[in-house]
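# Structural overview for review
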Amino acid sequence: MPDQSHGHPDGGRAGQTALIEMIDVDKEFANGTVAVRDMSLVINKGEFVSFLGPSGCGKSTALKMISGLLSVSNGSITVNGHLAGQSPDASDIGYVFQEANLLPWATVFENVYLPLKLRGLSRKEASARVEEALAMVGLAKFAKSYPRQLSGGMRMRVSIARAMVTKPKLLLMDEPFAALDEMTRAKLNDDVLQLWESQGLTVIFVTHSVFDPSICPAASSSWPPVRAASSTISRSGTAIRATPPTA
Ligand SMILES: Nc1ncnc2c1ncn2[C@@H]1O[C@H](COP(=O)(O)OP(=O)(O)OP(=O)(O)O)[C@@H](O)[C@H]1O
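As annotated in an unreviewed UniProt entry, the protein chain carries the name ABC transporter ATP-binding protein and is attributed to Paracoccus cavernae.

So, on to the site of the ligand. Lining the immediate environment of the ligand, one finds 13 residues, of which Phe29, Ala35, Ser55, Ser60 and Thr61 sit closest. Considering every element that reaches the shell around the ligand, the biggest residue donor is helix α1 (residues 59–67), with three residues. Looking at the shell around the ligand residue by residue, the class counts come to three nonpolar, nine polar and one charged.

Note: α-helices contain 3.6 residues per turn, so residues at a spacing of three or four share the same orientation. In this model, helix α3 (residues 123–136) (14 residues) spans 19 Å end to end at C-alpha, consistent with the 20 Å of a helix rising 1.5 Å per residue. On the buried face of α3, the contacting elements are α2 (108–118) and α4 (152–164).

With nine of its 11 residues buried, strand β2 (residues 34–44) lies for the most part within the structure. In this structure, strand β1 (residues 18–28) lies alongside β2, joined through seven bridges in antiparallel fashion. Counted as the bridge partner of Glu21 is Val42 from β2. Between β1 and β2, which follow one another and run antiparallel, lie five residues, and Gly32 among them has a positive phi close to 95°.

The strand order across the open sheet built from four strands is β2-β1-β4-β5, with neighbouring strands paired in antiparallel fashion. Looking at which strands have only one partner, the edges of the open sheet turn out to be β2 and β5 (82–83). For strand β4 (residues 74–79) and β5, the ladder comprises two bridges, and the chain directions are antiparallel. Of the residues in β5, the one forming a bridge with Val79 is His82.

With that settled, consider the pairing of β1. Sheet topology places β1 next to β4; five bridges connect them, and they run antiparallel. Note that in β4 the partner of Ile23 across the bridge is Ser76.

The biggest cluster of nonpolar side chains holds 56 residues, and the ones touching the most others in it are Ile66, Ile77, Val112, Ala161 and Ile204. Beyond its immediate stretch of four places on either side in the chain, Val112 contacts Val130, Ala133, Leu134, Val158, Ala161, Arg162 and Val165.

What follows is about the environment of Asp89. Turning to its location among the elements, Asp89 is positioned in the loop between β5 and β6 (93–96). Sequence separation between Asp89 and Pro168 is 79 residues; the distance between their C-alpha atoms is 9.6 Å.

Here Asp38, not a glycine, exhibits a phi torsion of approximately 50°, which is positive. One can find Asp38 in strand β2. Here the phi dihedral of Lys167 falls at roughly 55°; this positive angle occurs in a residue that is not glycine. Structurally, Lys167 can be placed in the loop between α4 and β7 (170–174). Residue Lys167 is classed as partly exposed on the basis of its 13 C-beta neighbours within 10 Å.

All right, on to the confidence of the model for the protein chain then. Per-residue pLDDT for the protein chain has a mean of 80; in total, 77% of the residues score no lower than 70. Residue range residues 2–15 is modelled with pLDDT below 50. Its contacts to residues more than four positions away, or to other chains, number 43 contacts. With pTM at 0.83, the complex prediction returns an ipTM value of 0.97.

With that settled, consider the environment of Leu172. By the secondary structure assignment, Leu172 is in strand β7. Given 22 C-beta atoms within a 10 Å radius, Leu172 is considered buried. In this structure the C-alpha to C-alpha distance between Leu172 and Lys64, which are 108 residues apart in sequence, comes to 9.0 Å. Contacts of Leu172, omitting those with residues within four sequence positions, involve Leu63, Ile66, Ser67, Ile93, Tyr95 and Ile204.

Cut-offs and rules
Starting from 1, residues in each chain are numbered consecutively following that chain's sequence as written. Only residues with pLDDT of at least 70 get local features here, since the model is predicted, and only at 80 or more are side-chain atom pairs given and counted; chain-wide, interface and lining totals rely on the full set of residues. For each residue, a C-beta atom is placed from the backbone, and the residue is labelled near a molecule or strand when this atom is within 6 Å of it. Under the scheme used here, helices are H or I runs from DSSP no shorter than 4 residues and strands are E runs no shorter than 2 residues, and both carry numbers assigned from the N terminus. Amino acids outside the nonpolar list (Ala, Val, Leu, Ile, Met, Phe, Trp, Tyr, Cys, Pro) and the charged list (Asp, Glu, Lys, Arg) are all regarded as polar, and Gly is one of them. In this scheme, a helix's expected span is set at 1.5 Å multiplied by one less than its residue total. C-beta atoms are first placed from the backbone for all residues, and any pair lying within 7 Å is then listed as a contact. Our exposure labels follow a C-beta count within 10 Å of each residue's own C-beta, placed from the backbone: buried means 20 or more other C-beta atoms, exposed means 12 or fewer, and partly exposed covers the counts in between. Here, a strand pair is defined by DSSP locating no fewer than two bridges between the strands. We define a nonpolar core as a collection of buried residues of the types Ala, Val, Leu, Ile, Met, Phe, Trp, Tyr and Cys that are connected via C-beta atoms lying within 7 Å of each other. For every residue, the pLDDT score states the predictor's confidence, bounded by 0 at the bottom and 100 at the top.

Given below as structure tokens:
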């Protein structure tokens, strides 16, 4: 993910609180591949930002650096005032990958409970939150099912519930619906928007979708959502943003 506006993090609008600040970030892998160069971007609390662009332009690498899964080679990323990956509360970030990555031998309930189990909560303590997360994605009745009994779209919903069960402030989604059919994808896109609107989340959504930034101002009904005209354009990747519905 390339060359954003040089030296000046794009998007920091007056009166809004920054959640993520990326300043002059580069990522060079050990084999010499430069995946991200000079990326500067501010994402405010409550925004929905999409990273768009062709395969290989560095979208996933940018997302992984924000989450702390990858280190930066140069520059800095802060999330909620902490260097990326160094937040005292790992629950702040939920991550949804392209594959649902569910444990096949565990029920839907157990899969969603897992992040809370890892944080030391008993089943009993966690059960209301697991049920709430499942209700959020419309799977309240499937707690006892196993992943193999669900459709691909339902499995993705489980993985969204698993990401939401820790009540994150930031939801990172890396081409989560790319493998699904068009109708399921459209429905899940709508559901993600609803989650964003109802939960006060900040979302970064990585997608292959080809999008012409010149239509940003008129694209309010498109996916990914664009409610504000502001966009950040780079050599081969683009970040577009939507402000919260209340803004
Ligand atoms: N661990 C790694 N080691 C070396 N090169 C890597 C590594 N991970 C990614 N790359 C390279 O960095 C570049 C950016 O990859 P990245 O996965 O971020 O792109 P992307 O835009 O997310 O692509 P896609 O849409 O196909 O997922 C690519 O050239 C990729 O081959």
